[in-house]
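Letter by letter, the chains look like this.
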Amino acid sequence: MTNQLQHAVLAGTELSPFGRLVTADAAGRSLADVPVDTLLTTTLQAKVLVLRGYRALDKADLESYCRAAGELAEWEFGTIMDLVVQDDPKNYLFDSGDVPFHWDGAWSARAPRYFLFQCIQGCEPGAGGETVFCDSAQVYREAPDDLRALWARAMVTYRTDRLAHYGGTMTHPLLATSPVTGETTIRYAEPLDPAIYRNPLFLTVEGLTAEEAVRVMDDLRVRLHDPRYCYHHAWATGDIVVAENHALLHGRNRFTGPTARHMQRIQII
Ligand SMILES: [Fe+2]
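Residues numbered from 1 in each chain as written. Predicted model: local features only at pLDDT ≥ 70, side-chain atom pairs only at ≥ 80, totals over all residues. Heavy atoms only, no water.

Moving on to the pattern of salt bridges. In this structure the tally under the stated criterion is 17 salt bridges. In this structure, Arg29 engages Asp25 in a salt bridge whose closest nitrogen and oxygen atoms are separated by 2.7 Å. For Arg29, a relative accessible area of 30% translates into the label partly exposed. Arg215 is paired through a salt bridge with Asp146; the nearest N and O atoms lie 3.2 Å apart. Of the two residues, Arg215 sits in helix α5 (residues 210–223) while Asp146 sits in helix α4 (residues 145–153), which places them 69 residues apart along the sequence. Taking the relative accessible area as the measure of exposure, Arg215 reaches 41% and is therefore partly exposed. Through salt bridges that share partners, Lys47, Asp135, Arg141 and Glu183 make up one connected network. (Salt bridge = Lys/Arg side-chain N within 4 Å of Asp/Glu carboxyl O. Buried < 20%, exposed > 50% of the residue type's maximum accessible area, 1.4 Å probe, protein only. Helix = DSSP H or I, 4+ residues; strand = E, 2+ residues; numbered from the N terminus.)

What follows is the structure, given as structure tokens:
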């Protein structure tokens, strides 16, 4: 057991198939009332932590709260990204369509350990836009040996134009070891078809024959979306969600109703 796991954790309700919901025990609580070490230790245990009934922090306070836990990812917009649906976005993140599975920080030298969302303005029930988290470490644990042997040989090169805060070309092994827990995890960003997405993502797989690469990609398209491995979070105003980035992949369902949603995201390296 690491030192981190010996810290206090927040009790709450277990979500399905993973994740934990913690509701504030009294009115007037804010995120700042939760010690950040407790927040992250709970997230490490639960993989996704949902807080309800805790007031969000303004940007300066959110930044200093998270900075106490580690270095923050810095982008051209600063450390906090405002996620709103735009009318004519260049990048699919700001579109109303779906966002395929990926992990944060794939285009950076270091991927964040955790990311935290504050939902300033949520969606109406049934309006779509749920964030989907896939427990890729669990997918690996339950996969057959022959598939795991193929995965272990696969190197994936990703290519996309830089139209938002990331882009270019990058190569990652399909399997990685989580620097947080030491478990084997799948690092995979799903391809984005140029016929559908505003800035497509092209993949090339090396280390496998062409037939093996097709088999692996076809299989991942189904396996990663198996409901046994995926927690869908429907956003309500005021939700604060923290996720462990190395063990999970995440994406977003498309909006099917009004898109007046506003989220803020910060990443802890
Ligand atoms: Fe992301």
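Moving on: the environment of Trp107. Following the sequence through the fold, Trp107 ends up in the loop between β5 (99–102) and β6 (114–121). Linking Trp107 and Val139, residues 32 residues apart in sequence, is a C-alpha distance of 23 Å. The contacts of Trp107, once residues within four sequence positions are left out, are Tyr158, Arg159, Thr160, Tyr166, Gly167, Gly168, Thr169, Met170 and Leu201. (Contact = heavy atoms within 4.5 Å.)

Only His102 (NE2), Asp104 (OD) and His250 (NE2) from the protein reach the iron ion as donors, at distances of 2.2 Å. Binding-site remark: the iron ion is held by donors from one chain whose sequence spacing is H-x1-D-x145-H. Taken as a pair, His102 in strand β5 and His250 in strand β15 (residues 248–252) lie far apart in primary sequence, 148 residues in all. (Donors = N, O, S within 2.8 Å, 3.2 Å for Na, K, Ca; no water.)

This part covers the packing of aromatic side chains. For the coordinates displayed, the defined rule picks out 8 aromatic pairs. Both rings, one in Trp103 and one in Tyr158, keep their centres 6.2 Å apart while their planes meet at 75°; by these two values the pair is edge-to-face. In this pair, Trp103 is assigned in the loop between β5 and β6 and Tyr158 in strand β8 (residues 155–160), connecting sequence segments 55 residues apart. Tyr158 carries the same exposure label as Trp103, and that label is buried. What links up through ring pairs into an aromatic cluster is the set Phe18, Phe115, Phe117, Phe133, Tyr231 and Trp235. The ring of Tyr140 has Arg148 lying over it, and the distance from NZ or CZ to the ring centre is 4.4 Å. (Phe/Tyr/Trp six-rings, centres within 6.5 Å; stacked < 30°, edge-to-face > 60°. Lys NZ or Arg CZ within 6 Å of the ring centre and 35° of its normal.)

With that settled, the discussion passes to helix α1 (residues 36–46). The buried fraction of α1 amounts to 9 of the 11 residues, a majority that puts the element mostly inside the structure. Listed in full, the buried residues belonging to α1 are Val36, Thr38, Leu39, Leu40, Thr41, Thr42, Thr43, Leu44 and Ala46. Tucked inside the fold, the buried residues of α1 contact β2 (20–23), β3 (48–52), α2 (59–67), β6, β14 (240–244) and β16 (262–268). Once α1 ends, the next one or two residues include Lys47, with phi positive near 75°.

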